[in-house]
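# Structural description and commentary
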Amino acid sequence: MAQIKRELEINLSQINIPVTGSGLLRNSSHLLSAELIWPRTGVARKSTSQPCRLREGQADFELENWGLKVLFKENVAGRFGLKLTITEALDDEEIEKILRTA
């Protein structure tokens, strides 16, 4: 049976993490990574990373422009996996270094 390909757009809406690893800091910077696992035949994974700031463990992306909240706009076929990870609190210099090497 042939799998139907379709275009999928995954947008980040909100992050809510009660424990951020930043101690008592109200604001913390993190790196969010997302992976699509086997989105279609021949493509084992697609990945993206983006910095995000949490205020008391929360971030709301609803009012952000599309370019800041889109994670993927990808063709998929059949079933696939989605893996999201977020780093512990990092300073801006550490985030920039990670993004440069990735």
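Description of the structure in this document. These numbers were taken from a predicted model, which means no experiment stands behind them. Along each chain, numbering runs from 1 in the same order as the chain's sequence is written. Side-chain atom pairs in this predicted model are given and counted only at pLDDT of 80 or more, local residue features only at pLDDT of at least 70, and totals for whole chains, interfaces and linings cover all residues. Excluding hydrogens and water, the side-chain values take into account all heavy atoms of the structure.

## Here we look at the pairing of strand 6 (residues 70-77)
- Only protein chains enter the accessibility calculation, which uses a 1.4 Å probe. A residue is then buried if its area is under 20% of the maximum for its type, exposed if over 50%, and partly exposed in between. Per the convention used, a helix needs a DSSP run of H or I reaching at least four residues, while a strand needs a run of E reaching at least two, with both numbered from the N terminus. Taking burial as the measure, the eight residues of strand 6 include six buried ones, the bulk of the element.
- Think of it this way: DSSP has to see at least two bridges between two strands before they count as a pair. Note: strand 1 (residues 5-11) against strand 6, seven bridges, orientation antiparallel. Considered in strand 6, the bridge of R6 is made with V76.

## Some remarks on the pairing of strand 4 (residues 43-55)
- Relative to strand 4, strand 3 (residues 27-40) runs antiparallel, the two sharing twelve bridges. Paired with E35 across the bridge in strand 4 is S47.
- Remark: two residues form the turn of the hairpin made by strand 3 and strand 4, two consecutive strands paired antiparallel; G42 in that turn has positive phi of roughly 90 degrees.

## Observations concerning the side chain of R40
- Mapped onto the secondary structure, R40 falls in strand 3.
- In protein, a polar contact means a hydrogen-donor-capable atom and an acceptor-capable atom, both N or O and within 3.5 Å, with residues adjacent in sequence counting only if both atoms are side-chain atoms; elsewhere, any N or O pair within 3.5 Å suffices. Of the polar contacts made by the side chain of R40, one reaches the side chain of E74; its length is 2.8 Å.
- Those residues in contact with R40 that sit more than four places away from it in its chain are K5, K46, E74, N75 and A77. Two residues form a contact once any of their heavy atoms are found within 4.5 Å.

## Comments concerning unusual backbone geometry
- Positioned with a positive phi, W38 is a non-glycine residue whose angle comes to about 50 degrees.
- Secondary-structure assignment places W38 in strand 3.
- Residue E56 is not a glycine yet carries a positive backbone phi of 55 degrees.
- Of note, E56 is situated in the loop between strand 4 and strand 5 (58-60).

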